[in-house]
Amino acid sequence: MLLFTDRAMAAGTRLAAGDFDDVARLCVALDGLPLALELAAARTRMLSPAQIADRIGDRFRLLTTGDRTAPARQRTLLATVEWSHDLLTAKERVLLRRLSVFAGHFDLDLVEQVCADERLLPREEVLDLLGGLVDKSLLLADGGRYRLLETIKEFAGRLLRKEDEHVWFRDRHLQVVCEMEERCFEAGLAAPRASWQERRRYFVRSRNLVDDCRVAVDWAVESGNALLGLRLAYVASAMLAVHGEIAEGVDWFERLLLLDLTGVPPEVVALCKGALAYGMEARDDLAGCERVVAEALKEQEKVPHSLGKGVTLNVAGVLLLRTGQFDRAERHFDEVVATTRQHDDTFNRVIAHSCLAVLAGVKGQLRLAQRHAGEALAVAKENGHPWHVAMATSQLAAVAEWRGDTEAAVTHYRAAAAIFDELDNRVEMERCLVMVAKVAIARGDHVTARCLLAECLALAQSTGQRLGMARVLRVLSRLADVEDDIQGSVLASAAAVALAEEMGEPVASGRIEQVLARARDRLGEGRTALQWSRGRELDPVEIARLILDGRREQGPLPVPAVAEVPHPVLTAREQEIAGLLTRGLSNRAIADELVISPATVARHIANIMEKLGFTSRSQIALWAVEHNLGSA
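Residues numbered from 1 in each chain as written. Predicted model: local features only at pLDDT ≥ 70, side-chain atom pairs only at ≥ 80, totals over all residues. Heavy atoms only, no water.

Re the sheet that holds strand 3 (residues 145-147)
To summarise the sheet geometry, strands pair through backbone hydrogen bonds and adopt either a parallel or an antiparallel arrangement. Put simply, the test is: A pair of strands is labelled paired if DSSP reports no fewer than 2 bridges between them. Under the DSSP-based scheme used, a helix requires at least four consecutive residues in state H or I and a strand at least two consecutive residues in state E, with every element numbered from the N terminus.
Taken in spatial order, the three strands line up as 1-3-2 in an open sheet, and their pairing is antiparallel. The sheet terminates laterally at strand 1 (106-107) and strand 2 (140-142), the two strands that pair on one side only.

A closer look at the layout of surface pockets
Just so we agree on the cut-off: In this analysis, the protein atoms alone were mapped onto a 1 Å grid. Cavities are point sets where a 1.4 Å probe fits without being able to get out; pockets are open sets with protein on both sides within 12 Å along at least five of seven lines; lining residues have an atom within 4 Å of a point. Grid points are joined across faces, edges and corners, and a volume is the space filled by probe spheres set on the points. Under the scheme applied, nonpolar residues are Ala, Val, Leu, Ile, Met, Phe, Trp, Tyr, Cys and Pro; charged residues are Asp, Glu, Lys and Arg; polar residues are all the others, including Gly.
Its boundaries defined by the atoms lining it, the second largest pocket holds a volume of some 380 Å³. Surrounding the second largest pocket, 18 residues form its lining, Ala498, Glu501, Glu502, Ser586 and Arg588 being those nearest its centre. When residues of the lining of the second largest pocket are traced back to their parent elements, those giving at least two are helix 27 (486-503), helix 29 (525-537) and helix 32 (587-594). Looking at the lining of the second largest pocket, the element that brings in the most residues is helix 27, giving six residues. Here the residues of the lining of the second largest pocket sort into seven nonpolar, three polar and eight charged.

A look at the side chain of Ser237
So the rule is basically this: The contact definition used throughout considers only heavy atoms, calling two residues in contact when any of these lie within 4.5 Å.
Secondary-structure assignment places Ser237 in helix 14 (residues 226-241). Not counting chain neighbours up to four residues away, the residues in contact with Ser237 comprise Gly249, Trp252 and Phe253.

What to know about the pattern of salt bridges
When their charged atoms lie close together, side chains carrying opposite charge are able to pair. For clarity, the cut-off: Note on definitions: salt bridges are taken to be side-chain nitrogens of Lys or Arg within 4 Å of carboxyl oxygens of Asp or Glu. Whether a residue is buried, partly exposed or exposed follows from its accessible area with a 1.4 Å probe, protein chains only, as a fraction of its type maximum: under 20%, in between, or over 50%, in that order.
In the structure shown here, the tally under the stated rule is 38 salt bridges. As a salt-bridge pair, Arg207 and Glu245 come within 2.7 Å of each other at their nearest N and O atoms. With Arg207 in helix 12 (residues 196-208) and Glu245 in the loop between helix 14 and helix 15 (247-256), this pair connects stretches of sequence that are 38 residues apart. Residue Arg207 is classed as partly exposed on the basis of its relative accessible area of 30%. Glu245 gets classed as partly exposed once you look at its relative accessible area, which sits at 22%. The partner of Glu295 in a salt bridge is Lys273, and the shortest N-O contact between them spans 3.2 Å. Note that Glu295 is positioned in helix 17 (residues 286-299) and Lys273 in helix 16 (residues 266-282), a separation of 22 residues in sequence. Members of the salt-bridge network, linked through shared partners, are Arg97, Arg98, Asp117 and Glu165.

Focus: the environment of His372
Within the secondary structure layout, His372 lies in helix 21 (residues 366-383). Taking C-alpha positions, His372 is 9.9 Å from Val399, a pair spaced 27 residues apart along the chain. If we skip the residues at most four places from it in the chain, His372 touches His353, Leu356 and Ala357.

Points about the packing of helix 33 (residues 598-612) against helix 34 (residues 617-626)
Condition: Orientation is described by axes fitted as lines to C-alpha atoms, over the contacting stretch for helices, and by angles from 0 to 180 degrees between their N-to-C directions. Angles below 35 degrees are treated as roughly parallel, those above 145 as roughly antiparallel, those between 65 and 115 as roughly perpendicular, and all remaining angles as oblique.
Contact pair helix 33 / helix 34: the axes reach a minimum separation of 10 Å and the direction vectors enclose 75 degrees. Classified by the angle their axes make, helix 33 and helix 34 are roughly perpendicular. Where helix 33 approaches helix 34, its residues Ile605, Ile608, Met609 and Leu612 are matched on the opposing element by Arg617, Ile620 and Trp623. Split by residue class, the contact of helix 33 with helix 34 holds six nonpolar, no polar and one charged.

Some points on the environment of Val126
Relative to the helices and strands, Val126 is located in helix 9 (residues 126-135). Note: C-alpha distance between Val126 and Leu108 (18 residues apart in sequence) is 7.9 Å. Leaving out residues up to four positions away in the same chain, Val126 has contacts with Leu95, Leu108, Val111, Glu112 and Ala116.

Considerations on the confidence of the model for the protein
Where we set the bar: What pLDDT reports is the predictor's confidence in each residue, on a scale of 0 through 100.
Overall, the predicted model of the protein reaches an average pLDDT of 87, with 89% of residues at or above 70. At the level of individual helices and strands, the protein shows its lowest average pLDDT in helix 5 (residues 59-62), which scores 45, and its highest in helix 13 (residues 210-223), which scores 97. Taken as a whole, residues 58-75 scores under 50 in pLDDT and shows 47 contacts with residues more than four places along the chain or in a different chain. Contacts of residues 554-562 to residues separated by more than four positions or lying in other chains number 21 contacts, the stretch itself having pLDDT below 50.

Section: helix 31 (residues 572-581)
Counting buried positions over the ten residues of helix 31 gives seven, a clear majority of the element. Every buried residue of helix 31 is accounted for by Glu574, Gln575, Ile577, Ala578, Gly579, Leu580 and Leu581. Residues of helix 31 that are buried in the fold lie against helix 29, helix 32, helix 33 and helix 34.

As C-alpha cells, this is what we get:
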C-alpha cells in the first residue's frame, strides 16, 4: 500500500481516502510484487485505482512503462516474468506451464497425477523440479503445499495455450480431481461404519480440493463434459454439505444438467437430481425442491439402493414435513427406516429417525419422540461420523425441551453446537444456539439470550439461509415480548412470517395471534396493523439489530401520512385487497384467498397507491383500518 501510494505521488497523483479499498484490491491481485505495483501506480496519471483494478485481468498489456532508461527486462511486467522464465531449465518450463491448471494450493500427489507424463516429465523427477521453481521464486511452498502467484499463473497459462496443451491438461485435471473426490466420498462419508479418525483425513483432503473442484466443474461446463462434471459435483457437493455449504452444489447441478446428457448413464442423472433437490430444500427453495425431487424419485425407481438414493427419499420426507403434511411424512419415514435398515444405510437411517422424532413431538407423543431420537443417536454412533452424532444429539435436545427438561436440553444443544463448530457447519451451529437462546429466555437469562442471538444473527447472515434468519427472528420476538417491547415483538414476528411465506412453509399461528392480541390491547387496532406491515417491509436484519441493541421505539409510533380520501374512490376489489393488507398478508397469500394471480394483486396495490397518493403497504393498511375495511 505504501509503495503504491508513494509511486502514485511520484507520478503526480494524490490519492483520496476512497481510493484505498481499490489500492488494497490491486495489491492482492498483483501478489504484492514491487515492480507490478510500481507499474500500476504509474498508470494513475490516466486511470483511477478502481479503473486499474477492474482492468487488471490483462495485466501484461496494462502494466507497461515508457521509461527507456530502465533495463529492458524491467520496462514491463511481462518482460520481467519472461526474463525469469528464460532462466529455467527445459523441464522446469514444462512443469511451470502445466501447474497453471490448478486453482490455488496443490500438493505433490496432485501435481504428479495431473502434470507428469512418460515423455517430457517423468513422475520421479517432479519433486526436484518443484524445488527448482521454489528456489527461483516462481513457486511458493508452505508445509508440503505449493501455490503459484496469480501473475505467474496467468503467464504460465498463456504458455500452456501456446503449446496447445491447455485442453488436454484441463481434461486431465478434471479427471484426476473427480477420482480423488470420489475416493474421499466413499471412505469419508459413504462408509456405513468407520471412526472419525479414519474418516477425517478424507475430509481434510476433500477440503483442500475445493478450489480445484470449482475450476474443474467450470471446465466440465465449458467443455461439455457432462458425465465427469456430474460425477464430481455429486461427491464434492456431498462433502461440502457436511460443512453446511449448500448453495454452490445447487449452482453446479443446475449448470451441468443443462448440458447435452447423451451418453450419461440415467442412474447418474437421477442421483444428481436427488442431490440437487437436497440443496434446494436446504436453501429453502421448497417449490423447486418439490419439482426436482418428484423427477428424481421417478427416475430412481429402478436404481439399486445407495446413499444417494436414501438422501432423495429423506428429502422427499423433509419436504412433506416442512409443508405441514405430517401424516404422509410419518408414513414415508417409516418406509425409509425399513429400507435403510435392509440395505445397511446408516447414513440415511439417522436422518429418518430424527425426522420421526420431530413428527412425534409435533403430535405430542413425547415417549415416541424420545425413542426415535435415542435410536438416531445409537445409529449415529454406529456410523461413526460426528455430523450424524451432532444431528441426533440436537434432536435429543429438542425432545428434552418438549418434556420441560431445560437443563438436559441446553446440555445437548451445546454439545451438538460444539461438534458443528468443529466441522465448520455454521447452518446447524446457528440452529442449536438459537434453541439455547430460547431456553435462556424461558429461564429469565436475557443477557445470555441476547449474546447468543447476536452470534446467531451473524451466522445466519453468513450462510444466507432464510430459515436460519426466520429462527432468529422468532426467538427475538420472544425476547422483545418478555422485555415489554411489544412493538419489537410484532416487528420480528411479522418479518419471520414474511420469510416463511417466501419459502412456502406453513405458519404456526398460535403464538402470533397471542402477540397480536397483546399488541391490539396496548397499541390499538390501527397501530398494530401498521407495525405488522412495517415488519413485513423492513429489512429483517435491521429489525433484529433494533431488538438486540435495545433500541425500542419510544412514545407513539411514527404514522405515515394518510390522505383523507373516502374509500368509495376505490373499486370493490381494491377495497377488499386493502382490507386484507391490514392482516399483513403477502401478495401470494392475498391471491390464494381471492383466487386471483399474484400479478393481479400487485397491479391492484399499485392502483391503490396511485389513487390514494401512498408509497407503502403500511399506509394502505392503516388507511384501511381507519375506514373499517378489515382487521389485523
